[in-house]
Amino acid sequence: MEVIVTGPHEVAPTAAAVVLDRLGRLARAATRREPVLGLATGSSPLGLYRELAAAVADGRVDLAGAHGVALDEYVGLPQGHPQSYRSILVREVGERLGVPPDRLEVPDGSGDTLEELETAAAAFERRIAALGGIDLQILGIGANGHLGFNEPGSALASRTRVKRLSDRTREDNARFFSGFDAVPTHSVTQGLGTILEARTLLLLATGEAKARAVAAAVEGPLTSSCPASVLQWHPDVVVVLDEAAAAGLRNREYYAEAAAGLSR
Ligand code: GLP
C-alpha cells in the first residue's frame with residue numbers, strides 16, 4: 001500500500017497524477033484496450049474529477065472511449081432524482097470527462113422486490129466482467145470505515161448485493177437530502193470482493209472526520225468491522241490523504257520515506 005500525505009489542496013492533483021500514470025501504462029500495454037474506471041460518488045473525489053476534466057480539456061488524456069463503473073446506487077429513488085448516483089455520475093463525471101451516459105454502468109436500484117434488486121446486482125457483476133474488469137477503482141471512505149455502501153460487518157468476499165445503510169451513513173448523507181428520513185434505507189453496492197478485483201485501488205480522504213476510519217483501514221487489523229481495512233489485502237493500493245485525515249496514522253514517517261523511492 002502506498003500512503004501519500006499531502007496538503008489539502010494537493011490531494012486532488014496528487015490523485016489525478018496516479019490516475020494519469022495508470023491510464024498511461026494501460027495505453028502503452030501490449031493488450032491495450034479502452035480503460036474502465038471505477039467511480040465513487042461522495043464529496044471526496046470531486047476535486048479529482050475536476051483535475052481529470054482539465055487533463056481531458058488540454059489533451060493530456062482522452063477518455064472518449066473509456067467506460068465508467070459506479071460503486072453503488074441507492075434503492076428506491078425515482079429515475080432522474082438529482083441525488084441518485086446515476087444522476088451524479090452523469091453530471092459530475094460523464095459530462096466533465098466526456099464519457100457518455102451509455103458508457104456509465106450503475107447498479108439498478110429501481111426494483112421493488114429483493115428478488116428484482118438481486119437480479120439487477122447479478123447483471124451489474126456480469127457487466128463488469130464483460131468489460132474485462134475495472135482497471136482503477138476510485139474510492140472514498142465512510143466515517144464508519146465503509147467502502148461503497150459496505151457497512152461494518154460486510155463479508156470481505158462479498159459481491160454486488162443489497163445492503164441496508166447504517167444510521168451513521170444516513171446521518172452523514174442527510175446533507176444531500178431534505179433530512180435523515182429522506183435518505184434511502186438501502187443500496188445496491190459493489191461487494192468488497194468485487195472491489196478487490198479492480199486492478200488498482202485509489203482511496204481519497206480529507207478532513208479530521210475521516211482520521212479514525214483511515215487509521216483503522218490502513219493500520220488496523222483486517223476486519224469486517226472496518227470494511228476499508230480490506231484494502232490491506234490488495235496488491236496495488238494508493239491512499240491519498242490530507243494532514244487532517246492522516247492524523248491517526250502511526251507510521252507517517254515511514255510512508256514519507258517510502259514515497260521517496262530508492263533514494264536514501
Ligand atoms: C457515501 C458513498 C461512498 C463514499 C462515502 C464518503 O455514502 N456510498 O462511496 O465514499 O459515503 O463520502 P464523502 O466522500 O462525501 O465523505
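In what follows, the structure referred to is the one given above.
Residues numbered from 1 in each chain as written. Predicted model: local features only at pLDDT ≥ 70, side-chain atom pairs only at ≥ 80, totals over all residues. Heavy atoms only, no water.

K.L.:
Looking at this model, I keep getting lost on the overall build of the protein chain. Mind explaining?
P.N.:
Each helix and strand counted, the protein chain has eight helices and 10 strands in total. In terms of C-alpha radius of gyration, the protein chain reaches 18 Å, essentially the compact-globule figure of 18 Å for 264 residues. Viewed in the frame of its principal axes, the protein chain has a C-alpha envelope of about 60 × 40 × 30 Å. For the protein chain, restricting intrachain contacts to residue pairs at least 6 apart in sequence, the fraction spanning at least 24 positions comes to 77%. Total accessible area on the protein chain stands at roughly 12,100 Å², and carbon and sulfur atoms take up 51% of it. The average position of the 26 basic charges and that of the 33 acidic charges among the side chains of the protein chain differ by 3 Å. (Helix = DSSP H or I, 4+ residues; strand = E, 2+ residues; numbered from the N terminus. Rg over C-alpha atoms; globule rule 2.2 N^0.38 Å. Contact = heavy atoms within 4.5 Å. Areas by Shrake-Rupley, 256 points an atom, 1.4 Å probe, with all protein chains shown as cover. Lys, Arg positive; Asp, Glu negative; His and termini not counted. Charge placed at Lys NZ, Arg CZ, Asp CG, Glu CD.)

K.L.:
I would appreciate a short explanation of the site of the ligand in the present structure.
P.N.:
As a matter of local geometry, the ligand sits amid 14 residues, with S43, S44, D72, N173 and K210 nearest to it. With respect to the ligand, the backbone of G148 contributes an N or O atom lying 3.2 Å from a nitrogen atom. The side chain of N173 places a nitrogen or oxygen atom 3.0 Å from an oxygen atom of the ligand. Protein chains shield 94% of the accessible area of the ligand, which is 390 Å² for the free molecule. (Near = heavy atom within 4 Å. Polar contact = N/O pair within 3.5 Å; in protein donor to acceptor, adjacent residues only side chain to side chain.)

K.L.:
Mind showing me how you'd approach the nonpolar core here?
P.N.:
If you look at soluble globular proteins, the nonpolar side chains tend to sit buried side by side. By size, the foremost hydrophobic cluster in this structure holds 66 residues, and its most contacted members are L48, I138, L147, L202, L241 and L249. Looking at which element gives the most residues to this core, the answer is helix α1 (residues 11-28), with six residues. Core analysis: the next-biggest nonpolar cluster, separate from the first, contains nine residues, Y74, F149, L165 and F177 among them. (Core = buried A, V, L, I, M, F, W, Y, C linked by side-chain atoms within 4.5 Å. Buried < 20%, exposed > 50% of the residue type's maximum accessible area, 1.4 Å probe, protein only.)

K.L.:
Looking at this structure, how should I read the packing of α1 against helix α2 (residues 46-57)?
P.N.:
The relative placement of two packed helices comes down to the angle between their axes together with the axis-to-axis distance. Between α1 and α2, whose axes approach to 8 Å, the crossing angle comes to 55°. By the angle class used here, α1 and α2 are oblique. Our pair here, α1 against α2, has a crossing hand that is right-handed. Residues A12, P13, A15, A16, V19 and L20 of α1 form the contact with α2, whose own contacting residues are G47, L48, E51, L52 and A55. In terms of residue class, the contact of α1 with α2 is made up of nine nonpolar, one polar and one charged. (Axes fitted to C-alpha atoms, helices over the stretch in contact; angles between N-to-C directions. Parallel < 35°, antiparallel > 145°, perpendicular 65-115°, else oblique. Left-handed = near helix turned anticlockwise from the far one by under 90°. Nonpolar A, V, L, I, M, F, W, Y, C, P; charged D, E, K, R; others polar.)

K.L.:
What am I meant to see in the sheet that holds strand β10 (residues 237-242) here?
P.N.:
Across a sheet, paired strands are connected by hydrogen bonds in the backbone, their directions being either parallel or antiparallel. The strand order β1-β10-β9-β6-β2-β3-β5 describes an open sheet built from seven strands, whose pairing is parallel. At either margin of the open sheet sits one strand with a lone partner, and together these are β1 (2-6) and β5 (104-105). Alignment of β1 against β10, held across five bridges, turns out to be parallel. Looking at β10, one finds that V5 is bridged to L241. (Pairing = 2+ DSSP bridges.)

K.L.:
What exactly am I supposed to notice about the environment of W233 here?
P.N.:
In this fold, W233 is placed in the loop between α7 (211-219) and β10. As for W233 and D108, which are separated by 125 residues in sequence, their C-alpha atoms are 28 Å apart. Each residue touching W233, except ones within four places of it in the same chain, is listed here: L196 and L222.

K.L.:
Help me understand the side chain of E125, please; the structure alone is not making it clear to me.
P.N.:
When you line up the elements, E125 lands in helix α4 (residues 114-130). A residue is classified by how much of its surface remains accessible, and E125, at 16% relative accessible area, is buried. Residues in contact with E125, not counting those within four places in the same chain, are R159, T160 and T194.

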